[in-house]
Amino acid sequence: MAFFKELKRRNVFKVASVYLITSWLILQIIAVVSPYLHLPTLFGTIVTVVLSIGLPIACIFAWAFELTPDGLKFTRDVDKESSISHHTGNKINYLLGGALTLALCFIGYDKFFTHQIDTEQTLSIAVLPFEDMSADHSQEYFGDGMAEEILNSLAKLPQLSVISRTSSFAFKDKDNSVKEIASALGVNYILEGSVRKSSNTLRITAQLIEANSGAHLWSQTYDRPLADIFTIQDNLTYAITQALQLNLLPEQVISQSGETKPGMTTNQLAYDLFIHARELQYLRTTESLEQAEQLLNQAIDLDPNFLTAKAQLYTVYHFMSYYGVASVENTQAKQEQLFNELVVSDQVFAMKYLVIGYHMAYSKNLYQHAAQAVTVAAKLNPSDPIIQNLYTLLPNMINGDVDESIRRREARYQKDPLDLINTVNLLSQTVYADMKDKAIFYLEKLEQLNSEASISLTTQIQYYYLMEHDLKKALNVNLTHNGKSSVRSDTQQIRLLALNNQLNDALTLLERYANTESQINTQVLETFGWLKAYVERFERENISAKLAITKLEDSLSSKDLMLVNLWRDSLLGNLDSVEQWAKGYLASDAAPDKFNLTNVDTIEFGLIYSLAFYYHPNSNNDYFNKIEELFNAQLPRCQNKYYITNGCVPFLYLSGDISQQQAVTDSLSLRAILDDNRIGDDLFADTSLSLSGVNIDPQFKAFYKEQILPMYAKVNAPIHTAMSAAP
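Residues numbered from 1 in each chain as written. Predicted model: local features only at pLDDT ≥ 70, side-chain atom pairs only at ≥ 80, totals over all residues. Heavy atoms only, no water.

1. Here's the deal with the overall build of the chain
Okay, step 1: A tally of helices and strands in the chain yields 35 helices and eight strands.
Okay, step 2: In the chain, which comprises 727 residues, the proportion classed as buried is 54%.
Okay, step 3: Put simply, of all contacts in the chain between residues at least 6 apart along the chain, 65% involve residues at least 24 apart.
Okay, step 4: Carbon and sulfur atoms make up 53% of the accessible area of the chain, which amounts to about 33,400 Å² in all. (Helix = DSSP H or I, 4+ residues; strand = E, 2+ residues; numbered from the N terminus. Buried < 20%, exposed > 50% of the residue type's maximum accessible area, 1.4 Å probe, protein only. Contact = heavy atoms within 4.5 Å. Areas by Shrake-Rupley, 256 points an atom, 1.4 Å probe, with all protein chains shown as cover.)

2. Structural notes on the nonpolar core
Okay, step 1: Counting 111 residues, the largest nonpolar core has Y534, I627, L683, Y712 and I719 as the members making the most contacts within it.
Okay, step 2: With nine residues, the top contributor of residues to this core is helix α24 (residues 522-538).
Okay, step 3: Aside from chain neighbours lying at most four places away, what touches I627 is F595, F605, I608, Y609 and A612.
Okay, step 4: Formed by 75 residues, the second largest nonpolar core is a distinct cluster that contains Y222, F319, V374 and L394. (Core = buried A, V, L, I, M, F, W, Y, C linked by side-chain atoms within 4.5 Å.)

3. A short note on a nonpolar patch on the surface
Okay, step 1: A contiguous nonpolar patch, built from V49, I53 and I57 and spanning about 280 Å² of accessible area, is present on the exposed surface.
Okay, step 2: Within the secondary structure, V49 is located in helix α3 (residues 41-64).
Okay, step 3: V49 sits in the partly exposed class, given a relative accessible area of 44%. (Patch = residues over 30% accessible without salt bridge, like charges linked within 9 Å, V, L, I, M, F, W, Y side chains within 5 Å. Salt bridge = Lys/Arg side-chain N within 4 Å of Asp/Glu carboxyl O.)

4. Some words on the side chain of Q388
Okay, step 1: Within the fold, Q388 resides in helix α16 (residues 385-399).
Okay, step 2: The exposure class of Q388 is buried, given its relative accessible area of 9%.
Okay, step 3: With residues up to four places along the chain from it excluded, the contact list for Q388 reads A378, N381, P382 and R412.

5. Observations regarding unusual backbone geometry
Okay, step 1: We note that D434 has phi near 60°; this positive angle belongs to a residue other than glycine.
Okay, step 2: Examined against the element boundaries, D434 turns out to sit in the loop between α18 (420-432) and α19 (436-449).
Okay, step 3: We note that N501 has phi near 65°; this positive angle belongs to a residue other than glycine.
Okay, step 4: Here N501 is to be found in the loop between α22 (487-499) and α23 (503-514).

6. Notes on helix α25 (residues 543-553)
Okay, step 1: Those residues of α25 lying buried are A545, I549, L552 and E553. One side of α25 holds all its buried residues, which, seen down the axis, span an arc of 105°. Seen from the open side of α25, the exposed residues pointing more than 90 degrees away from its buried face are I543, L547 and K551.
Okay, step 2: Buried-residue contacts for α25 involve α23, α24 and α26 (558-572). (Arc of directions from axis to C-beta.)

7. A few points about the packing of α18 against α19
Okay, step 1: The geometry of α18 relative to α19 is characterised by a closest axis approach of 9 Å and an angle of 155° between their N-to-C directions. Comparing their axes, α19 and α18 come out roughly antiparallel. The hand of the α18/α19 crossing is left-handed. Only K438, A439, Y442, L443, K445, L446 and L449 of α19 make contact with α18, whose side of the interface consists of L420, T423, V424, L426, L427, T430 and V431.
Okay, step 2: Residue composition of the contact of α18 with α19, by class: ten nonpolar, two polar and two charged. (Axes fitted to C-alpha atoms, helices over the stretch in contact; angles between N-to-C directions. Parallel < 35°, antiparallel > 145°, perpendicular 65-115°, else oblique. Left-handed = near helix turned anticlockwise from the far one by under 90°. Nonpolar A, V, L, I, M, F, W, Y, C, P; charged D, E, K, R; others polar.)

8. What about the pairing of strand β7 (residues 201-210)?
Okay, step 1: Across the ten residues of β7, seven count as buried, placing the element largely inside the fold.
Okay, step 2: Looking at chain direction, strand β6 (residues 189-198) and β7 are connected through ten bridges and run antiparallel. The residue of β7 that forms the bridge with I190 is I209.
Okay, step 3: The turn joining β6 and β7, which pair antiparallel and follow one another in sequence, is formed by two residues; a positive phi near 55° is taken by S199.
Okay, step 4: Remark: five residues form the turn of the hairpin made by β7 and strand β8 (residues 216-225), two consecutive strands paired antiparallel; G214 in that turn has positive phi of roughly 75°. (Pairing = 2+ DSSP bridges.)

9. Some words on the environment of R196
Okay, step 1: Tracing the backbone through its elements, the reader meets R196 in strand β6.
Okay, step 2: Ignoring anything within four residues of it in the chain, the contact list for R196 reads M133, S134, T201, L202 and R203.
Okay, step 3: Polar contacts involving the side chain of R196 include one to the main-chain carbonyl oxygen of M133, which spans 3.1 Å. (Polar contact = N/O pair within 3.5 Å; in protein donor to acceptor, adjacent residues only side chain to side chain.)

10. Looking at the confidence of the model for the chain
Okay, step 1: Mean pLDDT over the chain stands at 77; residues scoring 70 or higher make up 75%.
Okay, step 2: Per-element mean pLDDT across the chain ranges from 40 in helix α9 (residues 250-253) up to 93 in α26.
Okay, step 3: Per-residue pLDDT stays below 50 along residues 112-120; that stretch engages in 18 contacts with residues further than four places along the chain or on separate chains.
Okay, step 4: Below a pLDDT of 50 lies the segment residues 245-258, which in the model reaches 23 contacts outside its immediate sequence neighbourhood of four places, other chains included. (pLDDT = per-residue confidence, 0-100.)

11. Brief notes about helix α14 (residues 350-362)
Okay, step 1: Compared with an ideal rise of 1.5 Å per residue, which puts 13 residues at 18 Å, α14 spans 18 Å between its outermost C-alpha atoms and is within 8% of the ideal.
Okay, step 2: By the criterion of burial, α14 is predominantly enclosed, with twelve of the 13 residues buried.
Okay, step 3: Among all positions in α14, only A350, M351, K352, L354, V355, I356, G357, Y358, H359, M360, A361 and Y362 are buried. (Expected span 1.5 Å × (residues − 1).)

12. Observations concerning the packing of aromatic side chains
Both the distance between ring centres and the angle between the ring planes are used here to describe each pair of aromatic rings.
Okay, step 1: Counted according to the given criterion, the structure contains 13 aromatic pairs.
Okay, step 2: Consider the rings of Y413 and F441, whose centres lie 6.4 Å apart with planes at 70°: the pair is edge-to-face. Taken together, the residues Y413 in helix α17 (residues 402-415) and F441 in helix α19 connect sequence positions 28 residues apart.
Okay, step 3: Using a relative accessible area of 10% as the deciding quantity, one classes Y413 as buried.
Okay, step 4: For the ring pair Y413 and Y442, a centre distance of 5.6 Å and an interplane angle of 85° mean the geometry is edge-to-face. A residue pair is termed long-range when its members are at least 10 positions apart, and Y413 in helix α17 and Y442 in helix α19 qualify at 29 residues. The burial state of Y413 is the same as that of Y442; both residues are buried.
Okay, step 5: Taken together, W530, Y534, F538 and F684 form an aromatic cluster joined through their ring pairs.
Okay, step 6: Here the basic side chain of R408 rests over the ring of Y391, its NZ or CZ set 4.0 Å away from the ring centre. (Phe/Tyr/Trp six-rings, centres within 6.5 Å; stacked < 30°, edge-to-face > 60°. Lys NZ or Arg CZ within 6 Å of the ring centre and 35° of its normal.)

13. Structural notes on the packing of α18 against helix α20 (residues 454-467)
Okay, step 1: Two numbers describe how α18 lies on α20: the axes approach to 10 Å, and their chain directions differ by 10°. Overall, the two elements α18 and α20 adopt an arrangement that is roughly parallel. As for the relative orientation of α18 and α20, their crossing is left-handed in sense. Along the contact surface, α18 presents L420, I421, V424, L427, S428, T430, V431 and Y432, while α20 presents I455, S456, T459, Q462, Y463, L466 and M467.
Okay, step 2: Taken together, the residues of the contact of α18 with α20 break down into ten nonpolar, five polar and no charged.

So this is what it looks like as structure tokens:
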């Protein structure tokens, strides 16, 4: 007790109190001014360490020395009877009172005059792409990648609702205010920042803004060596989380500093190439996908162990075949090699499981295995748009559960309202599910999002063709499109032009694809065959059209010309020529052992499918044996009520699920027969090997005359004439 009395007498407690309060005020001031003075984080750290070291020194000083009328003396040299320590203590009391007053004023200001996070409301945030402030503007893709890494880390926190990158990045290079962006995305906080590269040093500034008030809740500047990018990302994520007062332990938020993340690279140039390629892939155009392929191959050359780049390249090849950029034959072997390299690795990262999901679904027809892999990928990276797109699609692929697929997509829509691909798929699925009110809602949203995207165009055509049955509107959407077209949108336009009685324009557009040295896409060859069948059946007297087609045929290779004529024959019901080809094809090395999703988009598959349908239920149906595995995998999807009227009638009939009579009955509607991928094929539903109402039942004949032909006769004079002349 005597020791504590002596501490009190020597004013040690009072000095310590004044020192602590003053130090706290100094640190608060530094926290406020550092971002505006662009002080490095190290400055605050140094001041904190110095002040911490100073506390025991101040206490020792107060113990060892005493202020007397004659100046500062060692306490042991001052007689207790003549000591004025109580007077000194009173002066310190005034200092302590002043410090406390200042501290209370600061706390009051922070409490009542600055924004406080409302812990009752849902915390939601959008991370905007970091602006490139470098002198040469060379760090744009690094800034995007920086923002995306922070976004991905934050998205794993269950307490925080994070808007996905597609919507956040939609405001890149735009002049929208923070309040406008927050309102459009439905968030209450915005994180924005900038990155500046100078030699081998990065200066990254980030600031957290409350949307409604525009108040800056937190701001920090980081100066780091370029090689330390992943530690910077982790530190930023942790700091932002703390600013949002989520009160999580650091180990719940950040990874171990200094460790390379699974699947990633430590090669800065390879990383930059990867980020650039990923941005190009999201565009989904012919040029952007080809550029993405080149950049990813360069990144892999720089670092052969960069597994995430290999996984991304696999998905680029998938996109290239799907969007009509490359043939399946050109990409399948490359995808197989990349898949094998990924699965032998013991590293765990999201894109690896996405690739496993793609491969299981599209190469092996193993949808349950695909679902397991993609679910893992979605947990590892809940904000990646490519992962989420396949995750939301899987219920549809597995068992035709369109309700669950739409539910997943609508949940994603809440987090990513500006994601074009998700909105496109929502429109497409609600059209197929015959949910007209929802389809109209997403059609309007799609038109607001990006009317220049070709995938937006083709989905709008899908709506007008499948749901409204309006050929004029479908064509008008195509003709007024301002953006780049795609193979699919161009083939849709060729068919719609012909069906709207503009045959010469259709032939002119087809000529662009026929007169090319590169391999002609399957969709183009099918459209060419369809146009030949259309002219031969409905425009027999149109000599100029026949001459134009003959001229175009001269530019085709012998194989392509053969496929065009075979497709024409399949539509017109010329069984002998198609079967003669099929027997030779199946006996050759070119025929696959079994068809799967990677080779269904070929004319060869379409013809084998047509023959399988035509000959069913013949026990010697060798054609069905080639596609049986694929049909069995697809069958659950077709058993759903929404899909019985979406091209699944042949699937169900071939699989024995429905009888011949039921197949006819289920085909008696426009929704069952129309296909936006092959607009106008239904004009040949009375002769086509794959659409002929189970080899032309009388009920189907009546449906064809009363429903299908009149839809086209509204806009096409030759079809009207043919309909009038029909018995």
